[in-house]
Every structure is written in C-alpha cells, then in structure tokens.
Amino acid sequence: MANPPTLPISDHSGGSQSQQTVATSAFRTFLSRLSASIRQSLSQRRPWLELVDRSAISRPDSLTDAYSRIRRNLPYFKVNYVTIVSLVLALSLLSHPFSLLVLLCLFGAWIFLYLFRPSDQPLVILGRTFSDRETLGVLVLLTIVVVFLTSVGSLLTSALMIGFGIVCFHGAFRVPEDLFLDEQEPANTGLLSFLGGAATSAAVAAASTPGSARV
C-alpha cells in the first residue's frame, strides 16, 4: 500500500531567525559607521597646544570684535569645541548617575523597541500588541517627559550652556590672525557625512531586504 503524500510545512522559525539576524547586522553596521565617523572627526581636530596658546590670547576691543573672532575661530576649532562640549556633558552626567541611567534606558528603548526591531514583528508587552505608530507615539511622549518634565532636561540644558559659554569665551579671546582653514578640506566630513551615509545605507538595505530593521 502506497504511503500518503507528505504535505509541505513552512518553517516560520527560520524566517524569524533571519529577521533577527538582519536586525543584529544592521545594528553592528550602525555602530561600525558611528565609530569610524567619530575617529575621522577626531583626526581633524587642531592641536590642543594651539588652542591654549597664551601668546594668541588678548581681550577683544569691542563686542563686534569679539563676535568677529568667534565667527573665525568656530570653523577652525570646531572639532575641539565639540569635544569640549561633549566632555562637559559627560562630566555632568557622571556626576548625576540617576540622570545618566534614565538617558541610557531611554536610548536603549529607542534602539531595541523601534529602530532595530524587525518591522514584521509587532511589539508585545503584557499580552498587548502595539503597532509601529503606537510604539513611536509612546517613545516620543516618553522622551518629552524625560527631557522637559524631569531634572534630566535641566541638567542637559545647564551642561550645554556651560559648554557653549566656554566655547564663546575662548573664541572671543583667541586672536584668529594666524589661523588658516585648509582650502581643500571637504565640506561634508565627520558626523555629518556619517548621517548622510547612514541614510543611504538604510535605504539600500530596505530596498534589498524586505522586512528588515528600520536602520
């Protein structure tokens, strides 16, 4: 007696594992591009001894002179200035561990619940399924609450004001007569080029791989 024909059974677990692999690969690519962009940006910084050269420090003659110096110093020392502001932010957060923990949790929520979650896998919490629009709305609302309605927002604002104050003070007192920008310096480098490249990569990945992660 002949055996009955075997019906094909689709393997959904393989598709799920494939989507998780795509999301993990996208996350690793994002981190790799971010790390490379930061290294490229830091390689363009000016020597710190040139930044603190005491012979080039003098009091501006007027507010117009101070504003002119700041405008000329900003593009020349931009990487150094961004580093200074970042250090002020880092020190402020390290001195307030709770605020740092809240920001890390918020960042992790954006990364793992929305940006790098496979688009064909709905978010399920306590038995309730959340659509992409609901997930985005909750994350935006949570970000607004954390940044504007808690001490985290005031901490970030204070740190940024201190950082920008240091930058403006140095830019106003640093005599820029001996500073010359490289004429062949590309206009789109560092983090700006990373953002553009990341957007392009994401579009290519979305077109070539259906149901992949959002980044």
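Criteria and thresholds
- Residues numbered from 1 in each chain as written.
- Predicted model: local features only at pLDDT ≥ 70, side-chain atom pairs only at ≥ 80, totals over all residues.
- Heavy atoms only, no water.
- Helix = DSSP H or I, 4+ residues; strand = E, 2+ residues; numbered from the N terminus.
- Contact = heavy atoms within 4.5 Å.
- Areas by Shrake-Rupley, 256 points an atom, 1.4 Å probe, with all protein chains shown as cover.
- UniProt positions renumbered as here; feature names shortened; annotations may be inferred.
- Phe/Tyr/Trp six-rings, centres within 6.5 Å; stacked < 30°, edge-to-face > 60°.
- Buried < 20%, exposed > 50% of the residue type's maximum accessible area, 1.4 Å probe, protein only.
- Lys NZ or Arg CZ within 6 Å of the ring centre and 35° of its normal.
- Patch = residues over 30% accessible without salt bridge, like charges linked within 9 Å, V, L, I, M, F, W, Y side chains within 5 Å.
- Salt bridge = Lys/Arg side-chain N within 4 Å of Asp/Glu carboxyl O.
- Expected span 1.5 Å × (residues − 1).

## Overview of the overall build of the protein chain
Reasoning step 1: In terms of regular secondary structure, the protein chain is built from eight helices and two strands.
Reasoning step 2: Beginning at the N terminus, the succession of helices and strands in the protein chain can be written as α-α-α-α-α-β-β-α-α-α.
Reasoning step 3: Considering only contacts in the protein chain between residues 6 or more positions apart, those separated by 24 or more positions represent 83%.
Reasoning step 4: Accessible surface computed for the protein chain: about 14,600 Å², of which carbon and sulfur atoms make up 68%.

## Regarding the side chain of Ser99
Reasoning step 1: As for its position among the elements, Ser99 is in helix H5 (residues 97–115).
Reasoning step 2: Excluding anything up to four places from it in sequence, Ser99 contacts Leu93, Ser151, Val152 and Leu155.

## Describing the UniProt feature "transmembrane region" (unreviewed entry) in the protein chain
Reasoning step 1: Mapped onto this numbering, the UniProt entry gives "transmembrane region" (unreviewed entry) at residues 76–94, 100–116 and 136–167.
Reasoning step 2: Along residues 76–94, the helical share is 95% and the strand share 0%, with 29 Å between the first and last C-alpha atoms.
Reasoning step 3: Overall, residues 136–167 shows 94% helix and 0% strand. The separation of its end C-alpha atoms is 35 Å.

## A word on the packing of aromatic side chains
Reasoning step 1: Summed over the entire model, instances satisfying the criterion amount to three aromatic pairs.
Reasoning step 2: For the ring pair Tyr76 and Phe77, a centre distance of 4.8 Å and an interplane angle of 85° mean the geometry is edge-to-face.
Reasoning step 3: Exposure remark for Tyr76: the relative accessible area of 9% places this residue in the buried category.
Reasoning step 4: In this structure Phe77 comes out as buried when scored by relative accessible area, which is 0%.
Reasoning step 5: Here Phe77 and Tyr81 contribute two aromatic rings whose centre-to-centre distance is 6.0 Å and whose plane-to-plane angle is 50°, an arrangement assigned as tilted.
Reasoning step 6: Ring pairs connect the aromatic residues Tyr76, Phe77 and Tyr81, which therefore count as one cluster.
Reasoning step 7: Positioned above the aromatic ring of Tyr76, the side-chain terminus of Arg46 is 4.1 Å from the ring centre.

## A look at a nonpolar patch on the surface
Reasoning step 1: Judged by side-chain polarity, Leu136, Val140, Leu141, Ile144, Val145, Phe148 and Leu149 come together as a nonpolar surface patch covering roughly 650 Å² of accessible area.
Reasoning step 2: Tracing the chain through its elements places Val140 in helix H6 (residues 132–148).

## As for the environment of Arg46
Reasoning step 1: Looking at the element boundaries, Arg46 is found in the loop between helix H1 (12–43) and helix H2 (48–51).
Reasoning step 2: For the pair Arg46 and Val79, spaced 33 residues apart in sequence, the C-alpha to C-alpha distance is 7.5 Å.

## Considering H5
Reasoning step 1: Its 19 residues give H5 an end-to-end C-alpha distance of 25 Å, which sits within 8% of 27 Å, the value for a rise of 1.5 Å per residue.
Reasoning step 2: Every buried residue belonging to H5 is among Ser99, Val102, Leu103, Leu106, Gly108, Ala109, Ile111 and Tyr114, and all of these are buried.

## Brief notes about the pattern of salt bridges
Reasoning step 1: Tallying each qualifying case throughout the model produces one salt bridge.
Reasoning step 2: Across the pair Asp65 and Arg69 runs a salt bridge, and its minimum N-O distance is 3.5 Å. Highlighted residues: Asp65 and Arg69, both in helix H3 (residues 63–76), separated by four residues, approximately one helical turn.
Reasoning step 3: Taking relative accessible area as the criterion, Asp65 reaches 22% and is therefore assigned partly exposed.

## Digging into helix H7 (residues 151–173)
Reasoning step 1: Along its 23 residues, H7 runs 33 Å from first to last C-alpha, staying within 8% of the 33 Å computed at 1.5 Å per residue.
Reasoning step 2: Among the residues of H7, those classed as buried are Val152, Gly153, Leu155, Ala159, Gly163, Val167, His170, Gly171 and Ala172.
Reasoning step 3: At its buried positions, H7 is contacted by H2, H3, helix H4 (78–94), H5 and H6.

## Let's talk about the environment of Ile84
Reasoning step 1: Relative to the helices and strands, Ile84 is located in helix H4.
Reasoning step 2: Taking the relative accessible area as the measure of exposure, Ile84 reaches 18% and is therefore buried.
Reasoning step 3: Each C-alpha atom of the pair Ile84 and Gly163 lies 6.7 Å from the other, and the pair is 79 residues apart in sequence.
Reasoning step 4: Once residues within four sequence positions are removed from consideration, Ile84 is found in contact with Trp48, Leu51 and Ile166.

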